[in-house]
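What the coordinates show
Read off the chains here:
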Amino acid sequence: MSGYTESIFIFMGINIIMALSLYLPCSAGQISLAQAGFMAIGAYTSSLLTRDYGVPFYPALVLGGLLAAMTGVLVGFPAIRIKGIYLLLLTLAFGEMVRVFFLNFTPAGGASGMGGMELKTNLVNVYAIVGVLILFFSRLRGSRMGRALESMSDDEVAAEATGVNIVRAKLVAFGVGAFMAGLGGGLYAHYALYIDSSKFGFLLAVEFFVFVVFGGIEVFWGAIVGSVLLTIIPEAVRFLKDFRMIFFGMTIVILMIVRPQGLLDKQLVDGIARHARRLYIFRGVS
Amino acid sequence: MTLLAIENLVKSFNGFVALNNVSLHVSQGAIHGVIGPNGAGKTTLINIISGILKPSKGRISFNGQPIERLRPDKIVSFGIGRTFQNIRLFNALSVIENVMVGQHCRTTAGLVRNFFRRPFKLLEEENRIQHKAKELLNFVGLSDREQEPARSLPYGSQRRLEIARALATEPSLILLDEPCAGMDIKETTEMAQLALKIRERGVTILLIEHDMNLVMGISDRITVLNFGQNIADGRPDEIRSSPAVIEAYLGF
């Protein structure tokens, strides 16, 4: 595989991880524009640990994720009673705070950015993490916590009155989502080998948001399909040169008109699952 | 024995007094009706008991424990379930999943335990939840519609599903907020029978109703609210002949 193709697949994997990190709070009705901020925390933490403190890559990656998760829970607290555009604004502001913090954080290079990390990220570890996340989300669906999150996004008051501890569930969704984003950041830093705070701005957060909405916000497969397609499309239409971002934008506009719920929805995924099961049973019999 | 004791409850919204010094005692095993004209404060009362609103003043104790400052989910775990006047089901979930959510507070599996379960096998707890949900759907007569989305059910069935969901929290007291609103006579009769069956399960009922006849028919005791005040309290026959109640309802 050429270096170019490999880099596309690696960025695709990281995008999947980031989109899933956003999907988790979204599935509980909490839309977050802070994921780029959590990603930055994971990226800088793991990079500082591997470069300056000699910590091996994987522990550093996990520690970066944990620090992002702790921050996520802290952001989750004020976010408990806030919904809709107010929550968007709150998480947006938090993401910008993180960006400005790293812009001024001299141990990590401040405005001139941070380099000197070793290349540790490869297809294997990126897609191993993607695989674990897929397992996590497919097991979450139809489990006790999965139902609780779905019920909350449907009707918070009814969920609370049915005994769901929505405070706890929201903090967990925010924290675990931030953990995933932190992992994504660590992987990114150890592949790009140079990070600077401007990369983790609000536009990046919006990009992850677009992945999730494009693929379909109802199911986690949507976040995956959205990231895959929206990573490939800009590359596939490079021949359009300067017009390619226009093409990219048009794809999104058209999809939102014909299929506002995104490419995949619950009905479609359930249908595919039913079909696959039938095929499986059929094969088993013959 | 008193299961739920409400003492001198006051609730005001920016100066508007929705409940003024309401006291009420629900005894174990009873069907206790609360009636009153529109705007009497009935739903506010249920919202306060279930923790969705906090009282301005007053005390509520359940099984002898004060509950007026607790979060709604905590109150559910103490054993108080409820339904809503304007049905609030989880529309994106299937009928059986709606009931299964009710078991949330009686079960414990978190993200980690669920993640590390054995392949192709549900957690033991999950089987129990399903079993319980099926039993309750059978109880309210919705067994044949388990897998349908909740929003596809007709109105009367949605009401019964909401009751099944509340029963899934294993309450010792259930608050029914106008379970017969918008129902015809046949559906109302069925609902009354369901209420009696719920009591047979050992669940005490606090029944809020607009419709006098239903409440009179099945309640052991009735409290009448008007303009946020407790104007009468007693057995159905006492309420029927109470001059204060007749005045509140008929205006003379």
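Look up a bit, the structure's there.
Anyway, here's the lowdown on the structure attached to this text. The structure presented is a predicted model; accordingly, all values stated were derived computationally and were not measured. (Residues numbered from 1 in each chain as written. Chains lettered and ligands numbered in written order. Predicted model: local features only at pLDDT ≥ 70, side-chain atom pairs only at ≥ 80, totals over all residues.)

**Things to note about the overall build of chain A**
Counting its secondary structure elements, chain A contains twelve helices and two strands. In chain A, the succession of helices and strands from N to C terminus is α-α-α-α-β-α-α-α-α-β-α-α-α-α. Relative to the compact-globule value of 19 Å for 286 residues, chain A shows a C-alpha radius of gyration of 19 Å, a close match. C-alpha extents for chain A along the principal axes are approximately 55 × 50 × 40 Å. Evaluated residue by residue, chain A yields a buried proportion of 47% over its 286 residues. Restricting the contact set of chain A to residue pairs at least 6 apart, pairs at least 24 apart contribute 78%. (Helix = DSSP H or I, 4+ residues; strand = E, 2+ residues; numbered from the N terminus. Rg over C-alpha atoms; globule rule 2.2 N^0.38 Å. Buried ≥ 20, exposed ≤ 12 C-beta atoms within 10 Å, placed from the backbone. Contact = placed C-beta atoms within 7 Å.)

**Some remarks on the interface of chain B and chain A**
Each side of the interface is counted separately: chain B has 28 residues, and chain A has 23 residues. Residues that form the side of chain B that touches chain A fall into these classes: 13 nonpolar, nine polar and six charged. (Nonpolar A, V, L, I, M, F, W, Y, C, P; charged D, E, K, R; others polar.)

**Digging into the pairing of strand 4 (residues 57-62) of chain B**
Remark: a regular strand shows side chains that alternate across the two faces of the sheet. Residue and element names in this part refer to chain B. Where strand 1 (residues 2-13) lies against strand 4, five bridges are found, and the strand directions are antiparallel. From the neighbouring strand, Leu4 faces strand 4, where its bridge partner is Phe62. Looking at chain direction, strand 4 and strand 5 (residues 65-66) are connected through two bridges and run antiparallel. Following the sheet pairing, Ser61 is matched in strand 5 by Pro66. (Pairing = 2+ DSSP bridges.)

**Things to note about the nonpolar core**
Counting 153 residues, the largest nonpolar core has Ala19(A), Leu20(A), Val212(A) and Ala164(B) as its most contacted members. Here this core takes 16 residues from helix 8 (residues 166-192) of chain A, the largest share from any one element. For this core, the two domains that each supply at least three residues are domain 1 (1-77 + 204-252) and domain 2 (80-170) of chain B. Among residues more than four places away in sequence, those in contact with Val212(A) are Ala19(A), Leu22(A), Tyr23(A), Cys26(A), Ile217(A), Gly222(A), Ala223(A) and Gly226(A). (Core = buried A, V, L, I, M, F, W, Y, C linked by C-beta atoms within 7 Å. Domains from an automatic or database assignment.)

**Comments concerning the packing of helix 6 (residues 144-154) of chain A against helix 3 (residues 95-102) of chain B**
For the pair helix 6 of chain A and helix 3 of chain B, the least separation of the axes is 10 Å and the interaxial angle reads 105 degrees. When the axis of helix 6 of chain A is compared with that of helix 3 of chain B, the two are roughly perpendicular. Residues Arg147(A), Ala148(A) and Ser151(A) of helix 6 of chain A pack against Glu97(B), Met100(B) and Val101(B) of helix 3 of chain B. Among the residues forming the contact of helix 6 of chain A with helix 3 of chain B, the class breakdown is three nonpolar, one polar and two charged. (Axes fitted to C-alpha atoms, helices over the stretch in contact; angles between N-to-C directions. Parallel < 35°, antiparallel > 145°, perpendicular 65-115°, else oblique.)

**Things to note about the environment of Ser112(A)**
Residue and element names in this part refer to chain A. As for its position among the elements, Ser112 is in the loop between helix 4 (84-103) and strand 1 (114-115). Accessibility expressed as a C-beta count within 10 Å gives 9 for Ser112, which makes it exposed. On a C-alpha basis, the gap between Ser112 and Arg81 in space is 38 Å, while along the polypeptide they are 31 residues apart.

**Examining helix 11 (residues 244-258) of chain A**
Compared with an ideal rise of 1.5 Å per residue, which puts 15 residues at 21 Å, helix 11 of chain A spans 21 Å between its outermost C-alpha atoms and is within 8% of the ideal. The element helix 11 of chain A is largely exposed, with a buried count of zero among its 15 residues. (Expected span 1.5 Å × (residues − 1).)

**Some thoughts on the sheet that holds strand 7 (residues 173-177) of chain B**
Residues and elements named next belong to chain B. Read across the open sheet, the six strands follow the order 6-7-8-3-9-10; overall the sheet is mixed. Strands with a single pairing partner mark the edges of an open sheet, and in this sheet they are strand 6 (80-82) and strand 10 (229-234). Across the sheet, the axes of successive neighbouring strands diverge by a mean angle of 20 degrees, strand direction being ignored. Pairing of strand 9 (residues 221-226) with strand 10 involves five bridges; the strand directions are antiparallel.

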